[in-house]
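# Residue-level structure breakdown
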Amino acid sequence: MTHPPQIRARDAVLALDVGGTKLAAGVVRGNGEVRSFVTCPTDIAGGPEASLARLFDLGKHALDQAGVEPGDAPARLLGCGIGCGGPLDSARGVVLCPPHLPGWVDVPITRLAESTYGLPAVLDNDGTAGAAGEWRFGAGRGTRHLAYLTVSTGIGGGFVVDGRTYRGAAGNGGEPGHITVRSEGRPCRGCGRTGCLEAYASGTSLGELAREAVGRGEYTSLPQDATAADVAREARAGDPLAARLWDEATALLGQGVTSIVNLYEPEVVVLGGGVTRAGEQLLAPVRSAVAGLAMRPAARAVRVVPAANGDRAGVLGAAAIAFERLVGTVDVPHVYDEGELN
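The shown structure was predicted, so the numbers you read here are calculated from the model rather than taken from an experiment. (Residues numbered from 1 in each chain as written. Predicted model: local features only at pLDDT ≥ 70, side-chain atom pairs only at ≥ 80, totals over all residues. Heavy atoms only, no water.)

Residue placement: Arg167 occurs in the loop between strand S10 (164-165) and helix H4 (198-201). In this structure Arg167 comes out as buried when scored by relative accessible area, which is 16%. A distance of 2.9 Å separates the side chain of Arg167 from the side chain of Asp124, its partner in a polar contact. In this structure the side chain of Arg167 is engaged in a polar contact, spanning 3.0 Å, whose partner is the side chain of Glu324. (Helix = DSSP H or I, 4+ residues; strand = E, 2+ residues; numbered from the N terminus. Buried < 20%, exposed > 50% of the residue type's maximum accessible area, 1.4 Å probe, protein only. Polar contact = N/O pair within 3.5 Å; in protein donor to acceptor, adjacent residues only side chain to side chain.)

What follows deals with the pattern of salt bridges. What the rule picks out here adds up to 16 salt bridges. The residue Asp89 makes a salt bridge to Arg92 at a minimum N-O spacing of 2.8 Å. Taking the relative accessible area as the measure of exposure, Arg92 reaches 55% and is therefore exposed. Here Asp230 ties to Arg233 by a salt bridge, and the two come within 2.9 Å at their closest N and O atoms. Here Arg233 and Asp230 lie together in helix H6 (residues 228-236), a separation of three residues that amounts to about one turn. With relative accessibility at 14%, the residue Asp230 sits in the buried group. Given the relative accessible area of 38%, Arg233 is considered partly exposed. Several salt bridges converge on common partners, so that one network encompasses Asp124, Arg167, Glu324 and Arg325. (Salt bridge = Lys/Arg side-chain N within 4 Å of Asp/Glu carboxyl O.)

Centre distance and the angle of the planes are the two values used to describe a pair of aromatic rings. Within this structure, the stated rule accounts for three aromatic pairs. The interplanar angle of 90 degrees and the centroid separation of 5.9 Å between the aromatic rings of Phe56 and Tyr117 together place this pair among those described as edge-to-face. One end of the pair, Phe56, is in helix H1 (residues 47-65); the other, Tyr117, is in helix H2 (residues 109-117), and 61 residues separate them in sequence. Ring geometry for Phe137 versus Phe323: centroids 6.4 Å apart, planes at 75 degrees, classification edge-to-face. Pair noted here: Phe137 is in helix H3 (residues 126-137) and Phe323 is in helix H10 (residues 313-326), with a separation of 186 residues, a long-range link. (Phe/Tyr/Trp six-rings, centres within 6.5 Å; stacked < 30°, edge-to-face > 60°.)

What follows covers the sheet that holds strand S8 (residues 146-151). What the five strands build is an open sheet, ordered S10-S9-S8-S11-S12; its pairing is mixed. Either end of the sheet is taken by a strand with one partner, and the two such strands are S10 and strand S12 (303-306). Bridge analysis of strand S11 (residues 268-272) against S12 gives four bridges, and the strand direction is parallel. Across the sheet, residue Val268 finds its bridge partner in S12, namely Arg303. The strands touched by helix H7 (residues 240-264) are S8, strand S9 (155-161) and S11; relative to S8, the strand with the most contacts, the crossing angle is about 160 degrees. On top of the sheet, helix H8 (residues 280-293) reaches S11 and S12; it is set at about 165 degrees to S12, its chief contact. (Pairing = 2+ DSSP bridges. Contact = heavy atoms within 4.5 Å. Axes fitted to C-alpha atoms, helices over the stretch in contact; angles between N-to-C directions.)

Bear in mind that shape data such as this cannot, by itself, settle questions of function.
Below, the structure written as structure tokens:
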């Protein structure tokens, strides 16, 4: 078994999470304690320069809340981890051209972070980071094989295989939202193909499907501006259209998860993201699909569980990849005075 790097509980990293609508930053200790956590809007309209300025200021605010001054951070912190949607080049620390961040083309984000904070920095896909975060700090603790899906605006995720975070040949491996569930289905806005899981079961797509049905005049209590949360709520209340849309989305999500279970045979599938706030309304049909459709040994070996890291998942994920990639590779002290970062 591959063990995680040996990290002291009082080691710490600065973690930055770059989303299309929200930025988040925090200081996280080696035991998963979040010493500070701050967020702000991304400001996509201002382009990468404005968003990066906000992000790095947010990181300084997080350091300040944790009682760490950027000037002496190298004596106290291992480094900085950054999670961002892809595509990106994690080895070079460059954000290439993510569709949710228009104008972010070949942005050398780790070099800019290192210049800002005087710390070594690493970058990973936010889905990969989320998987690492749940494995190290959340619902996947103690496992060797984990699959993570975040069902939110889109569907992202990542994998831990035999105790190692999986990145693929180009550093962007692990895109469960782009498993094909209907070969000639709806167009996928994320990748341009058709029939992707994301085109049916993401929060964005579920809301679009509901609004399309309302626009066609189908009888329903759903509002004209329906969201995925509206669909979940009205499905629980017995609305026939909402129930049909919800059942279709969860059935296809179950098929996608089943394909992952058959391919990787993980011990645990962790489901996070805003749509999973529906709880067992979503988890139960996915579990049922996996139990009934997956290959028998794989079905017996796996648990399907909710994510544990909540609204701090992005920061904990960025911290996890920082600990994974920086411990043992940078010249920073690993023994601190007891009064530091208490």
